[in-house]
Amino acid sequence: MADDSTKGFRAGRTALVVRIPEAEPVVRGWRERFDPSARDGVPAHVTVLFPFLDESRVDASVHAALTDVLGGHPSFDLRFGKCGRLSDVLYLVPEPGTPLRRLTESVAERWPEAPPYGGRFTEIIPHLTVAQGQEEAVLAEIEADLAGGLPFTSRVSSVGLIVHDGTRWRERASFALGTGH
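Here's a quick rundown of the structure. (Residues numbered from 1 in each chain as written. Predicted model: local features only at pLDDT ≥ 70, side-chain atom pairs only at ≥ 80, totals over all residues. Heavy atoms only, no water.)

### Comments concerning the packing of helix α1 (residues 24–34) against helix α5 (residues 136–146)
Relative to each other, α1 and α5 sit at 160°, their axes nearing to 10 Å. Here α1 is positioned roughly antiparallel relative to α5, judged by the angle of their axes. Where α1 crosses over α5, the two elements pack in a sense that is right-handed. Taking contact as the criterion, the partners of Val26, Val27, Trp30 and Phe34 in α1 are, on α5, Val138, Glu141, Ile142, Asp145 and Leu146. Of the residues assigned to the contact of α1 with α5, the class counts are seven nonpolar, no polar and two charged. (Axes fitted to C-alpha atoms, helices over the stretch in contact; angles between N-to-C directions. Helix = DSSP H or I, 4+ residues; strand = E, 2+ residues; numbered from the N terminus. Parallel < 35°, antiparallel > 145°, perpendicular 65-115°, else oblique. Left-handed = near helix turned anticlockwise from the far one by under 90°. Contact = heavy atoms within 4.5 Å. Nonpolar A, V, L, I, M, F, W, Y, C, P; charged D, E, K, R; others polar.)

### Quick notes on the packing of aromatic side chains
Scanning all chains against the criterion turns up five aromatic pairs. Relative to phenylalanine 152, the ring of phenylalanine 80 has its centre 5.0 Å away and its plane inclined at 15°; by these criteria the two rings are stacked. Of this pair, phenylalanine 80 sits in strand β3 (residues 76–86) while phenylalanine 152 is found in strand β6 (residues 152–156), placing the two residues 72 residues apart along the sequence. Assessed through its relative accessible area of 0%, phenylalanine 80 is described here as buried. The class of phenylalanine 152 is buried, set by a relative accessible area of 10%. (Phe/Tyr/Trp six-rings, centres within 6.5 Å; stacked < 30°, edge-to-face > 60°. Buried < 20%, exposed > 50% of the residue type's maximum accessible area, 1.4 Å probe, protein only.)

Structure (structure tokens):
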């Protein structure tokens, strides 16, 4: 979730994320070393939409719309059983990815001014980042270590709105998904 134009995060930046607490024992140590978002307070997660609207635009009407948009999607289970790579990023692959893509597409459709990853990528690839910006040998070492903690599953029943305050990311709200399967 780094802002490439500043090589960091700025105050007022927001994101919508799905927390994956079951991943913490497997990925915490690696993320703290090799994922800038972890050092800034973001827990293990799969991003639904980053960047979202600037914090100054997130008012009661946006909260109501997020409640409607996200509540229209049923809760679901994810399985994390393997690693994947995007350039110099090592991540855990959430399966199935379709429910996550649908969440992203629904939010981006409602707020077209906030395309996924600022419009830099055309394909939505759900992922739980473990490390980025490292040499191949380091990523291979991390991937080998992660294998011992896989697979695990996680129930997704909400999406969190997180905001960077200039120092750390903090959760501001949580939006429940529907109760269907």
